[in-house]
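# Survey of secondary and tertiary structure
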Amino acid sequence: MNWSEFWNMGGYGFYVWFSYGTFFLVLGLGLIMPMLKRRSLETELREQWAVTKRRKRES
Amino acid sequence: MTPTRKRRLYAALAVTIGVGVAVGLTVMALRDNMLFFFSPTEVHAGEVPEGSNFRLGGMVVDGSVTRTPGSLKVRFDLTDHGQTVPVEYEGILPDLFREGQGIIAMGSLNKDSVFVASEVLAKHDETYMPPEVADALKAVHPEGYNSENYGDDKKDTPDGT
Amino acid sequence: MNKLTLWFHKLGSPEYFYRFAGRWAPWAGWSFALLTVIGLYLGMFKAPPDYQQGESYRIIFIHVPSAWMSMFIYVAMSAAGFVGLVWRIKVAEIMAMASAPIGAAFTLVTLVTGAFWGKPMWGAYWVWDARLTSELILLFIYLGIIGLYQAIEDRRTAARAASLLALVGLVNIPIIHFSVEWWTTLHQGSTVNLMGESSMHPSMLWPLLIMAVATKLYYVMNVLQRARNMILELESNKSWAKTVLQPAEASR
């Protein structure tokens, strides 16, 4: 079997590869989104704690 | 378990089981309305909606497919191994359409009791195997593995019998 | 108390769970990657074409595992939600709510891959038969649970309300499973049976089963990852959360 035959999937290439594309796109987004969320949460919490600490010191 | 937890446990169980029973009863009541297609036997028994569109499911009879040259017109017979209904269709057929294949056609009966279809869908069974294995099985059962399976499989006849 | 119940009680502590999840999520993630490579290699290169459907049936290696996950995650989410409702365990509520978006994602994948398999084989992207319709309803239930959770201000009240909705929707799971037996559908019956024989050649069945395990590992990784975020957010004013994010400053 050569590669062009493989991508062609017996004439069903569009359907097969669209399906696989959807699978990896959705699962990939599902993986990346919590990672981004984690990063923004870290910055947000550090800022929040810094503010409360400063307030404590000032009072 | 504390009394509050016990109360919550019973409440959660009651919701789950209550909804289950309610939906179960609804589904039982609507069972016949949720059929996707009718069989040729039901057509002959007059159980199908008259004059309006419905779906007809069955197997394409071997050797019954005739095409009009130069057009997309096709005629074939559908059977459920009991009764047979002739079908007329003009249009593109799905790749799986072939003699001995399970088919679902959307359309209505004309006055000559011919089913005029506006859409033809192919139904395949849940069996997957390499072509060589299918050939080997065919050699043992000349009837053809797929058609034999289709006829016996209770899931494929409308009333589940 | 024996060791297992003791461990279960420990898992109920947000701090312990946070560390536990952080330790195991990468393992689940890498195992998922490894099994996906093996499963898809076997599925795309080693498995023969199907006698009826030719090469197009290879969509099965992602469609069926996704469909199983859409229902598996729903049951897991309902179980966690049930524990959260009755025992008010924070970690259980979080696990239930962290599961919902993953289940919705797998349901979406199931519907899309199914449509792109149905078009070449059946002749239509979509039909309103009982199997397809009940799976679409599952997507709407997931979206309802996520929406309800987002709509209520208090995180813990929101989790419990959404968990109750999950229990209400649980009835749809047996309907999806048995739809192909109860009604005439365009969708075929089950290929793989836990009990009894599967109607699939072993060379095709193995990649399918490997992908089924792989998607479960993806769920484990993803749900732990999401639960960690949610715990951190909920416990942000606790001292352990500060220790986790800035070990040096917290000790001062």
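Residues numbered from 1 in each chain as written. Chains lettered and ligands numbered in written order. Predicted model: local features only at pLDDT ≥ 70, side-chain atom pairs only at ≥ 80, totals over all residues. Heavy atoms only, no water.

What follows covers the overall build of chain C. What chain C contains, in helices and strands, is 10 helices and 0 strands. Reading chain C from its N terminus to its C terminus gives the helix and strand order α-α-α-α-α-α-α-α-α-α. Long-range contacts, defined as pairs at least 24 residues apart, comprise 74% of the intrachain contacts of chain C with a sequence gap of at least 6. Looking at chain C as shown, the accessible area adds up to about 10500 Å², and 70% of this sits on carbon and sulfur atoms. Here chain C holds 19 positive side-chain charges and 13 negative ones, and the gap between their average locations is 10 Å. (Helix = DSSP H or I, 4+ residues; strand = E, 2+ residues; numbered from the N terminus. Contact = heavy atoms within 4.5 Å. Areas by Shrake-Rupley, 256 points an atom, 1.4 Å probe, with all protein chains shown as cover. Lys, Arg positive; Asp, Glu negative; His and termini not counted. Charge placed at Lys NZ, Arg CZ, Asp CG, Glu CD.)

Let us look at the packing of helix 3 (residues 60–87) of chain C against helix 6 (residues 155–169) of chain C. Helices that pack against each other are described as a pair by the angle of their axes relative to one another and the distance between those axes. Residues and elements named next belong to chain C. One way to put it is that helix 3 packs onto helix 6 with a least axis distance of 9 Å and a crossing angle of 130°. Comparing the axis directions of helix 3 and helix 6 gives the class oblique. Of the two possible hands of crossing, helix 3 and helix 6 adopt the one that is left-handed. Contacts between helix 3 and helix 6 pair Tyr 74, Met 77, Ser 78, Gly 81, Phe 82, Gly 84 and Leu 85 from the former with Arg 160, Ser 163, Leu 164, Leu 165, Ala 166, Leu 167 and Gly 169 from the latter. Partitioned by chemical class, the residues of the contact of helix 3 with helix 6 number 8 nonpolar, 5 polar and 1 charged. (Axes fitted to C-alpha atoms, helices over the stretch in contact; angles between N-to-C directions. Parallel < 35°, antiparallel > 145°, perpendicular 65-115°, else oblique. Left-handed = near helix turned anticlockwise from the far one by under 90°. Nonpolar A, V, L, I, M, F, W, Y, C, P; charged D, E, K, R; others polar.)

Counting residues at the interface gives 42 residues for chain C, matched by 31 residues for chain A. Of all residues in chain C, Phe 116, Asn 229 and Leu 245 of chain C bury the most surface against chain A, accounting for 18% of the area lost on that side. Inspection of the chain C/chain A interface yields 10 residue pairs in polar contact (both at pLDDT 80 or more). Among the secondary structure elements, those contributing two or more residues to the side of chain C that touches chain A are helix 2 (14–46), helix 3, helix 4 (90–121), helix 8 (202–234) and helix 9 (239–245) of chain C. Here the side of chain C that touches chain A gets 11 residues from one element, more than from any other, and that element is helix 8 of chain C. (Buried area = accessible area lost by both parts, 1.4 Å probe. Polar contact = N/O pair within 3.5 Å; in protein donor to acceptor, adjacent residues only side chain to side chain.)

What follows is about the confidence of the model for chain C. Here chain C averages 92 in pLDDT, while 97% of its residues score no lower than 70. Interface predicted TM-score (ipTM) for the complex: 0.91; the corresponding pTM is 0.89. (pLDDT = per-residue confidence, 0-100.)

Take the interface of chain B and chain C next. Of the residues lining the interface, 43 residues belong to chain B; the matching set on chain C comes to 45 residues. For the chain B and chain C pair, buried surface summed over both sides reaches about 4000 Å², with 64% attributable to carbon and sulfur atoms. The tally of links from chain B across to chain C stands at 0 salt bridges. Counting the contacts that link chain B with chain C gives 16 residue pairs in polar contact (both at pLDDT 80 or more). Broken down by element, the side of chain B that touches chain C gets its largest block of residues, 11 residues, from helix 1 (residues 3–29) of chain B. By residue class, the composition of the side of chain B that touches chain C is 26 nonpolar, 7 polar and 10 charged. (Salt bridge = Lys/Arg side-chain N within 4 Å of Asp/Glu carboxyl O.)

To continue, consider the packing of aromatic side chains. Inspection of the entire model under this criterion finds 33 aromatic pairs over all chains. Considering the side-chain rings of Tyr 15 of chain A and Phe 116 of chain C, the 6.3 Å spacing of their centres and the 50° angle between planes classify their relative orientation as tilted. In this pair, Tyr 15 of chain A is assigned in helix 2 (residues 13–58) and Phe 116 of chain C in helix 4, connecting two distinct chains. For the pair Tyr 15 of chain A and Phe 116 of chain C, a shared accessibility class is recorded, and that class is buried. Pairing Phe 18 of chain A with Phe 116 of chain C gives two aromatic rings, centres 4.0 Å apart and planes at 15°, and the pair type is stacked. Of this pair, Phe 18 of chain A sits in helix 2 while Phe 116 of chain C is found in helix 4, placing the two residues in two different chains. An aromatic cluster of three or more residues is present, and its members are Trp 3, Phe 6, Trp 7, Trp 17 and Tyr 20 of chain A together with Tyr 41 and Phe 45 of chain C. Here the guanidinium or amino end of Arg 155 of chain C rests over the ring plane of Tyr 149 of chain C, the centre of that ring lying 4.5 Å away. Geometry around Phe 72 of chain C places Lys 216 of chain C over its ring, the cationic atom sitting 5.0 Å from the centre. (Phe/Tyr/Trp six-rings, centres within 6.5 Å; stacked < 30°, edge-to-face > 60°. Buried < 20%, exposed > 50% of the residue type's maximum accessible area, 1.4 Å probe, protein only. Lys NZ or Arg CZ within 6 Å of the ring centre and 35° of its normal.)

It is worth spelling out helix 7 (residues 172–182) of chain C at this point. All of the buried residues along helix 7 of chain C are Asn 172, Ile 173, Ile 175, Ile 176, Ser 179 and Val 180 of chain C. Tucked inside the fold, the buried residues of helix 7 of chain C contact helix 1 of chain B together with helix 3, helix 5 (130–151) and helix 6 of chain C.

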